[in-house]
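Breakdown of the fold
Letter by letter, the chains look like this.
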Amino acid sequence: MVQGLGCNISVLKTEELKEKVRRKLNGTNDESELLKSIDSLHRLDVAYHFAHEMETKLSSIYHKFGRLDTDDHDLHSVALRFRLLRQQGFCVSPGKSNPSSIVLTHLEFPALHVFQRFKDEEGRFDLGLAKDANGLMSLYEAAQFEHPGEDILKEAKNFASSHLLALVPFLEPSQAKRVEHVLDYPFHKTLPRVEARRWIDIFRDGCEIDRDMVDLAILDFNHVQSIHQTELKEFSRWWEETGISKEMGSLVRNQPILWFMLSCLALPEPQFSRCRIELAKLTALVFVIDDLFDVCGEFEDLVLFTEAVDSLDPTSVEPLPNCMNLCFVALMNVVTNGIGFLALKPQDSVDMLHRSKTMWGSLCKAFLQEARWLRLEDAPTAKEYLKNATTTSGLILYLTYAYFILGGQQMSITKPLNATPNLIHLPAAIFRLWDDLGTSQDEKDRGYDASYIEFYVKENDVSEECARKETLNLIGDAWRKLNQASLQSGLHDFPSALVRLALNCARVGQLLYAFGKDDRQTTIKEHIRKMLIEKIHV
């Protein structure tokens with residue numbers, strides 16, 4: 001009873017704080033303060049409570065900005081305005097770019113050459129900006145929204161990063177630490193919930209923003225975490241009931257907390273509870289089937305298992321080992337009894353089940369192709385490997401299912417999905433490339449998987465260091481295209497929640513794989529502790 005009373009008080013306090021913050025947003029006429037508040041709400045991951053207010057305010061700024069093309073020369077303010085407008089989905093041009101390589105979206109006003117004003121007569125960024133740490137950080141953050149062909153943002157990123165690195169030894173320790181974090185983990189490419197935990201600690205110990213926002217963020221974080229903890233219990237029961245870990249033991253990964261945390265980080269908002277649980281089940285099955293193909297199955301059995309999944313025919317797996325039967329039964333239950341019923345229209349369920357056969361079949365065929373390459377010692381080209389490995393990441397499957405759950409019931413199923421394939425495929429490619437960067441040596445030592453790095457080295461006769469640089473370049477190129485795809489998604493009535501999910505799926509790769517093996521395990525345990533176990537003290 002005491003716990004219930006405390007919960008009610010917390011809910012009331014949260015609503016009171018939301019109303020206070022909403023009034024301040026609506027009552028702020030100073031653009032600089034407004035942008036600072038909106039940025040802080042995003043960093044604290046409570047912006048979803050104020051979606052309407054932020055859309056209204058930023059739309060007003062966009063229309064005014066487009067009409068006036070202001071002569072503002074404060075780098076921090078201009079860069080922050082640009083970043084928040086792009087983040088909100090407004091198409092703002094950063095400056096003179098290569099028009100042949102840019103696909104424009106809905107431009108209601110002439111292109112805004114936002115950063116052109118910060119260049120000197122020779123067309124380079126003005127060296128007078130080199131000591132403006134806050135301005136350079138904002139410029140670097142804004143440059144993360146670069147699209148293909150936007151050379152000025154590429155220049156901005158290089159200019160900002162080089163001068164920020166030069167400034168670090170001369171800054172106060174706290175500011176130097178913040179600069180180093182921005183350079184390693186720019187906000188646009190990090191997971192909002194992970195960053196929120198960090199920013200809550202920063203803001204609560206300082207006086208940079210309104211205290212009501214910080215208090216709201218703490219209550220909201222704890223509330224969302226309690227929802228995730230309840231969901232985790234349900235997911236863990238499902239995993240135990242599959243019998244997979246008991247049957248297969250150490251041959252497969254048994255990481256239900258990690259699998260569920262990934263869904264929480266990718267789709268944290270409270271209203272997506274059912275979707276989060278079902279997507280965590282997909283994650284578990286993809287990991288298990290990956291291990292099945294790597295270490296558990298005879299090649300002939302893997303061929304039969306792939307055929308069974310491709311047809312979703314239960315009788316096809318009867319002669320196969322029990323571990324494969326258990327995987328198949330769990331897969332069928334998820335497809336037919338779980339996710340299939342989350343698409344609310346009957347036709348959507350039919351379409352989803354049909355697409356399920358295709359997607360799960362494609363996934364297993366891709367795993368089988370990897371097994372065939374390994375068995376025959378037939379090395380593919382790096383490009384062939386990456387195309388196949390993008391499928392085996394499981395994210396194309398994951399995001400397609402999410403599309404049906406999050407928005408398929410609101411629109412024509414195939415048109416938006418087919419109109420923006422990059423929004424589905426690019427996060428998968430980014431995730432796979434980060435995976436290969438982080439685990440290529442680990443997997444090679446275990447003898448299970450190849451990697452893009454390995455095949456690139458063999459194909460081009462270059463060093464591993466050169467191959468790793470090329471991999472990072474591919475990740476950068478994919479992000480530029482993903483930025484463009486997410487901005488264009490509004491033209492195709494794509495669910496905004498799915499756009500956020502796609503971006504978060506691209507972001508999670510760096511979280512999981514940007515460290516060495518020992519550091520990676522420590523970092524993952526720390527994220528689990530902060531995201532799912534440890535509440536923030538009020």
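From a predicted model like this one, the values you see are computed outputs, not experimental measurements. In every chain, residue numbers begin from 1 and rise along the written sequence. Only residues with pLDDT of 70 or above have their local features reported here, since the model is predicted, and side-chain atom pairs are shown and tallied only from 80 upward, although totals for entire chains, interfaces and linings are computed over all residues. Hydrogens are left out, water is left out, and the side-chain values use all remaining heavy atoms of the structure.

1. A word on the overall build of the chain
- Counting secondary structure elements, the chain contains 23 helices and zero strands.
- Relative accessible area decides the class of each residue, using a 1.4 Å probe on protein chains only: under 20% of the type maximum gives buried, over 50% gives exposed, and in between gives partly exposed. Burial statistics for the chain: of 538 residues in total, 56% are counted as buried.
- In the chain, of all internal contacts separated by at least 6 residues, the share reaching a separation of at least 24 is 74%.
- For the chain, the exposed surface amounts to about 24300 Å²; the carbon and sulfur share of it is 53%. In this description a helix means any DSSP run of H or I spanning at least four residues, a strand means any run of E spanning at least two, and both kinds are numbered starting from the N terminus. Two residues qualify as a contact provided that any one of their heavy atoms is within 4.5 Å of a heavy atom in the partner residue. Here the open area of atoms and residues is found with the Shrake-Rupley method and a 1.4 Å probe, where only the protein chains shown may cover a residue.

2. A word on the side chain of Arg480
- Of note, Arg480 is situated in helix H21 (residues 464–488).
- Only 2.4 Å separates the side chain of Arg480 from the side chain of Asp477, close enough to count as a polar contact.
- The contact partners of Arg480, leaving out residues within four places of it in the chain, are Glu146, His147, Pro148, Lys154, Lys157 and Asn473. Two N or O atoms count as a polar contact when they lie within 3.5 Å, although within protein this holds only if one can serve as hydrogen donor and the other as acceptor, and sequence-adjacent residues are included solely when both atoms are side-chain atoms.

3. Regarding the side chain of Glu141
- In this fold, Glu141 is placed in helix H5 (residues 133–143).
- By relative accessible area, which is 4% here, Glu141 ends up buried.
- With residues up to four places along the chain from it excluded, the contact list for Glu141 reads Arg43, Arg83, Val182, Pro186, Phe187 and His188.

4. Brief notes about the pattern of salt bridges
- Salt bridges are identified by distance alone: a Lys or Arg side-chain nitrogen within 4 Å of an Asp or Glu carboxyl oxygen. Taken as a whole, this structure holds 38 salt bridges when the rule is applied.
- Arg43 is the partner of Glu141 in a salt bridge, and the nearest nitrogen-oxygen pair spans 3.5 Å. Highlighted residues: Glu141 in helix H5 and Arg43 in helix H2 (residues 31–43), separated in sequence by 98 residues. Taken individually, Glu141 and Arg43 each receive the classification buried, so the pair is uniform in this respect.
- Measuring nitrogen to oxygen at the nearest pair gives 2.8 Å for the salt bridge that ties Arg253 to Asp291. Highlighted residues: Arg253 in the loop between helix H10 (244–248) and helix H11 (256–266) and Asp291 in helix H12 (residues 273–296), separated in sequence by 38 residues.
- In this structure Arg253 comes out as partly exposed when scored by relative accessible area, which is 26%.
- Given the relative accessible area of 5%, Asp291 is considered buried.

5. Some thoughts on unusual backbone geometry
- We note that Leu312 has phi near 50 degrees; this positive angle belongs to a residue other than glycine.
- Summarising the element assignment, Leu312 is placed in the loop between helix H13 (299–311) and helix H14 (322–338).
- Looking at Leu312, the relative accessible area reads 14%, which means it is buried.
- Phi at Asp461 takes a positive value of approximately 55 degrees, unusual for a residue other than glycine.
- Mapped onto the elements, Asp461 comes out in the loop between helix H20 (452–460) and H21.

6. Examining helix H4 (residues 75–88)
- Take the residue count of a helix, subtract one, and multiply by 1.5 Å to get its expected span. Its 14 residues place the ends of H4 20 Å apart at the C-alpha level, agreeing with the 20 Å of an ideal helix rising 1.5 Å per residue.
- The element H4 is largely enclosed, with a buried count of eleven among its 14 residues.
- Considered for burial, the residues of H4 that qualify are Leu75, Ser77, Val78, Ala79, Leu80, Arg81, Phe82, Arg83, Leu84, Leu85 and Arg86.
- Phi for Gly89, located one or two positions after H4, is positive at around 105 degrees.

7. As for the packing of aromatic side chains
- Each pair of aromatic rings taken from Phe, Tyr and Trp, with Trp reduced to its six-membered ring, is defined by centres within 6.5 Å and is described as stacked if the planes are under 30 degrees apart, edge-to-face if over 60, and tilted in the remaining cases. Tallied over the entire structure, the rule returns 15 aromatic pairs.
- On the basis of an interplanar angle of 40 degrees and a centroid distance of 6.2 Å, the ring pair of Trp238 and Trp239 is categorised as tilted.
- Taking relative accessible area as the criterion, Trp238 reaches 13% and is therefore assigned buried.
- What makes Trp239 buried here is its relative accessible area of 2%.
- Over the aromatic face of Phe187 sits the side chain of Arg43, whose NZ or CZ is 4.9 Å from the ring centroid.
- Only lysine NZ and arginine CZ atoms are considered, and such an atom sits over a ring when it is within 6 Å of the ring centre and within 35 degrees of the ring normal. The lysine or arginine in question, Arg198, covers the ring of Trp199, its NZ or CZ lying 5.2 Å from the ring centre.

8. Section: the confidence of the model for the chain
- By definition, pLDDT measures how confident the predictor is in each residue, and it falls between 0 and 100. The predicted model of the chain averages 86 in pLDDT, with 85% of residues at 70 or higher.
- Per-element confidence in the chain is highest for H5, whose mean pLDDT is 97, and lowest for helix H18 (residues 414–419), whose mean pLDDT is 58.
- Low pLDDT, under 50, characterises residues 97–112; the predicted model gives this stretch 37 contacts beyond four residues in sequence or across chains.
- Here residues 409–413 is a poorly scored stretch, pLDDT under 50, and it has 14 contacts once near neighbours within four places are set aside; other chains count.

9. Remarks on the nonpolar core
- One finds Phe115, Phe305, Trp360 and Leu501 to be the most contacted residues of the largest nonpolar core, which totals 170 residues.
- Among the elements that make up this core, the one with the highest residue count is H12 (13 residues).
- Beyond its immediate chain neighbours, meaning those up to four positions away, Phe115 contacts Val78, Ala79, Phe82, Pro94, Phe125, Leu139, Ala142, Ile152 and Leu153. Here, nonpolar core refers to any group of buried Ala, Val, Leu, Ile, Met, Phe, Trp, Tyr and Cys residues whose side-chain atoms link them within 4.5 Å.

10. Regarding the packing of H11 against helix H22 (residues 496–513)
- Think of each axis as a best-fit line through the C-alpha atoms, taken over the contacting stretch in the case of a helix, with angles from 0 to 180 degrees between the N-to-C directions. Relative orientation of the contacting elements H11 and H22 amounts to 135 degrees, with a least axis distance of 9 Å. Here H11 lies oblique to H22, going by the angle between them. As H11 packs across H22, the resulting crossing turns out to be right-handed. Across the interface between the two elements, Leu258, Leu262, Leu265 and Ala266 of H11 pack against Leu501, Asn504, Val508, Leu511 and Leu512 of H22. Here is the rule for angles: anything less than 35 degrees is roughly parallel, anything more than 145 is roughly antiparallel, 65 through 115 is roughly perpendicular, and the remaining ranges are oblique. When the near helix sits turned anticlockwise from the far one by under a right angle, the crossing is termed left-handed; a clockwise turn instead gives a right-handed crossing.

11. A few points about the environment of Glu231
- For Glu231, the position within the fold is in helix H9 (residues 211–242).
- For the pair formed by Glu231 and Cys264, sequence separation is 33 residues and the distance between their alpha carbons is 9.7 Å.
- Engagement of the side chain of Glu231 in a polar contact is seen with the side chain of Ser273, the distance being 2.6 Å.

12. As for the environment of Ser162
- Position of Ser162 among the secondary structure elements: in helix H6 (residues 151–167).
- Of the residues examined, Ser162 reaches a relative accessible area of 40% and is grouped as partly exposed.
- Note: C-alpha distance between Ser162 and Leu136 (26 residues apart in sequence) is 9.8 Å.
- Within the structure, Ser162 has its side chain in polar contact with the backbone oxygen of Asn158 (distance 3.0 Å).

13. Examining the environment of Ser489
- Following the sequence through the fold, Ser489 ends up in the loop between H21 and H22.
- Distance from Ser489 to Gly89, taken between C-alpha atoms, is 8.9 Å for residues 400 residues apart in sequence.

14. Observations regarding the state of the cysteines
- A pair of sulfur atoms, both from cysteines and within 2.5 Å, is called a disulfide here. If you walk through the whole model with that rule in mind, you get zero disulfides.
- Summary of cysteine pairing: Cys364 is not part of a disulfide, and the nearest cysteine sulfur, belonging to Cys327, is at 9.4 Å.
- Under the relative-accessibility criterion, Cys364 is labelled buried at 0%.

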